[in-house]
Amino acid sequence: DAGVIQSPRHEVTEMGQEVTLRCKPISGHNSLFWYRQTMMRGLELLIYFNNNVPIDDSGMPEDRFSAKMPNASFSTLKIQPSEPRDSAVYFCASSPEAAGAVNQPQHFGDGTRLSIL
Amino acid sequence: EDKVVQSPLSLVVHEGDTVTLNCSYEVTNFRSLLWYKQEKKAPTFLFMLTSSGIEKKSGRLSSILDKKELFSILNITATQTGDSAVYLCAVDVRVGGSRLTFGEGTQLTVNP
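To keep things clear, this report deals only with the structure shown in the data block. If you're wondering where the values come from, they're calculated on a predicted model, not measured in any experiment.

1. A few points about the interface of chain B and chain A
Then comes step 1: Contacts between the two partners involve 20 residues from chain B and, on the opposite side, 22 residues from chain A.
Then comes step 2: The contact between chain B and chain A buries some 1,700 Å² in all, and 52% of this surface belongs to carbon and sulfur atoms.
Then comes step 3: Put simply, chain B and chain A have zero salt bridges between them.
Then comes step 4: Of all the elements in the fold, those that place two or more residues in the side of chain B that touches chain A are β4 (30-38), β5 (43-49), β9 (85-95) and β10 (97-102) of chain B.
Then comes step 5: Of the residues that constitute the side of chain B that touches chain A, the class distribution is nine nonpolar, six polar and five charged.

And the structure:
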């Protein structure tokens, strides 16, 4: 089975540029999560979608960050304009979660290592 | 504010040793506690615990949850160099949706 697929694996860009990270969840999983991992703050949830609808975006740091899920098999996380402090590893995760059902573990992609110069 | 605290933050052992990693939490609306192993890339799922006192086992790894004292332990017996990784504890807090709050992780190094 294909796992969660993220692209690109690495991104190096200059501050001020727009950055778009992509994620394909595991087929059949209806919940998708974006996380950011840094040495200082560890793994933090940015936003969570269920059935393509954003449920909780309280972790999105500021208006420069936006996320979309146009269909069940694709999501993007965009940073515009990017800043050096956005440098981190960004993970996407998915789970086959359904309201009221027994919860299932989240499965993570390999992440995008983002460096903003 | 939800909080997950892991200890120790790092641990160096020799192959064959047994290790115990700790995770304590203070959260509202607890749903489950999860353990992940992170090597160079993605955190990989190890265990999900929802009930107190029921041990989950997978090979040399085992874990148990105490919902009264609000902690969990992850045991690894007969450690191998391949066990070297960061072990992450996370608590699923269901408030409207699912939200994993992670601890800082325990960096385990197993030397030959």
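From this point on, the discussion continues.
2. Let's talk about the sheet that holds strand β3 (residues 19-26) of chain B
Residues and elements named next belong to chain B.
Then comes step 1: Read across the sheet, five strands follow the order β1-β3-β8-β7-β6 without closing on themselves; strand pairing throughout is antiparallel. With partners counted over all chains shown, the strands left at the sheet margins are β1 (3-7) and β6 (56-58), one partner each. When strand polarity is set aside, the average angle formed by the axes of neighbouring strands in this sheet is 15 degrees.
Then comes step 2: Two strands pair when backbone bridges link them, and β6 and strand β7 (residues 61-66) are joined in this way by three bridges, in the antiparallel orientation. Bridge pairing links S58 to L61 in β7.

3. Structural notes on the pairing of strand β9 (residues 88-95) of chain A
Residue and element names in this part refer to chain A.
Then comes step 1: Counting buried positions along β9 gives eight out of eight residues, so the element sits mostly inside the fold.
Then comes step 2: The alternating pattern of β9 places A88, Y90, C92 and S94 on one face and V89, F91, A93 and S95 on the opposite face, and all of these are buried.
Then comes step 3: In terms of strand pairing, strand β4 (residues 31-38) meets β9 through seven bridges, oriented antiparallel. Bridging from a neighbouring strand, Y35 pairs with F91 of β9.
Then comes step 4: As paired strands, β9 and strand β11 (residues 112-116) are joined by three bridges and run antiparallel to one another. Note that in β11 the partner of A88 across the bridge is L114.
Then comes step 5: As paired strands, β9 and strand β10 (residues 107-108) are joined by two bridges and run antiparallel to one another.

4. A word on unusual backbone geometry
Then comes step 1: With an omega of -10 degrees, the peptide bond running from Q80 of chain A to P81 of chain A counts as cis.
Then comes step 2: Looking at the element boundaries, P81 of chain A is found in the loop between β8 (74-79) and β9.
Then comes step 3: Cis geometry is found at the peptide bond from S7 of chain B to P8 of chain B, where omega equals -10 degrees.
Then comes step 4: By secondary structure assignment, the location of P8 of chain B is in the loop between β1 and β2 (10-14).
Then comes step 5: Phi at N51 of chain A is positive, roughly 50 degrees, even though this residue is not glycine.

5. Focus on the packing of aromatic side chains
The way to describe two aromatic rings as a pair is by their centre distance and the angle between their planes.
Then comes step 1: Taken as a whole and assessed by the stated rule, the structure comprises ten aromatic pairs over all chains.
Then comes step 2: Measuring from ring centre to ring centre gives 5.7 Å for Y35 of chain A and F102 of chain B, while their planes differ by 85 degrees; the resulting arrangement is edge-to-face. Placement of Y35 of chain A in strand β4 and of F102 of chain B in strand β10 is noted, with the two residues assigned to different chains.
Then comes step 3: The class of Y35 of chain A is buried, set by a relative accessible area of 0%.
Then comes step 4: The exposure class of F102 of chain B is buried, given its relative accessible area of 9%.
Then comes step 5: Measuring from ring centre to ring centre gives 6.2 Å for F91 of chain A and F108 of chain A, while their planes differ by 80 degrees; the resulting arrangement is edge-to-face. Residue F91 of chain A is located in strand β9, and its partner F108 of chain A is located in strand β10; the two are separated by 17 residues in the primary sequence. As far as the burial class goes, F91 of chain A and F108 of chain A line up, both buried.
Then comes step 6: Chaining the aromatic ring pairs together yields one cluster made of F33, Y35, Y48, F91 and F108 of chain A together with Y36, F45 and F102 of chain B.

Quick notes on the rules
- Residues numbered from 1 in each chain as written.
- Chains lettered and ligands numbered in written order.
- Predicted model: local features only at pLDDT ≥ 70, side-chain atom pairs only at ≥ 80, totals over all residues.
- Heavy atoms only, no water.
- Contact = heavy atoms within 4.5 Å.
- Buried area = accessible area lost by both parts, 1.4 Å probe.
- Salt bridge = Lys/Arg side-chain N within 4 Å of Asp/Glu carboxyl O.
- Helix = DSSP H or I, 4+ residues; strand = E, 2+ residues; numbered from the N terminus.
- Nonpolar A, V, L, I, M, F, W, Y, C, P; charged D, E, K, R; others polar.
- Pairing = 2+ DSSP bridges.
- Axes fitted to C-alpha atoms, helices over the stretch in contact; angles between N-to-C directions.
- Buried < 20%, exposed > 50% of the residue type's maximum accessible area, 1.4 Å probe, protein only.
- Phe/Tyr/Trp six-rings, centres within 6.5 Å; stacked < 30°, edge-to-face > 60°.

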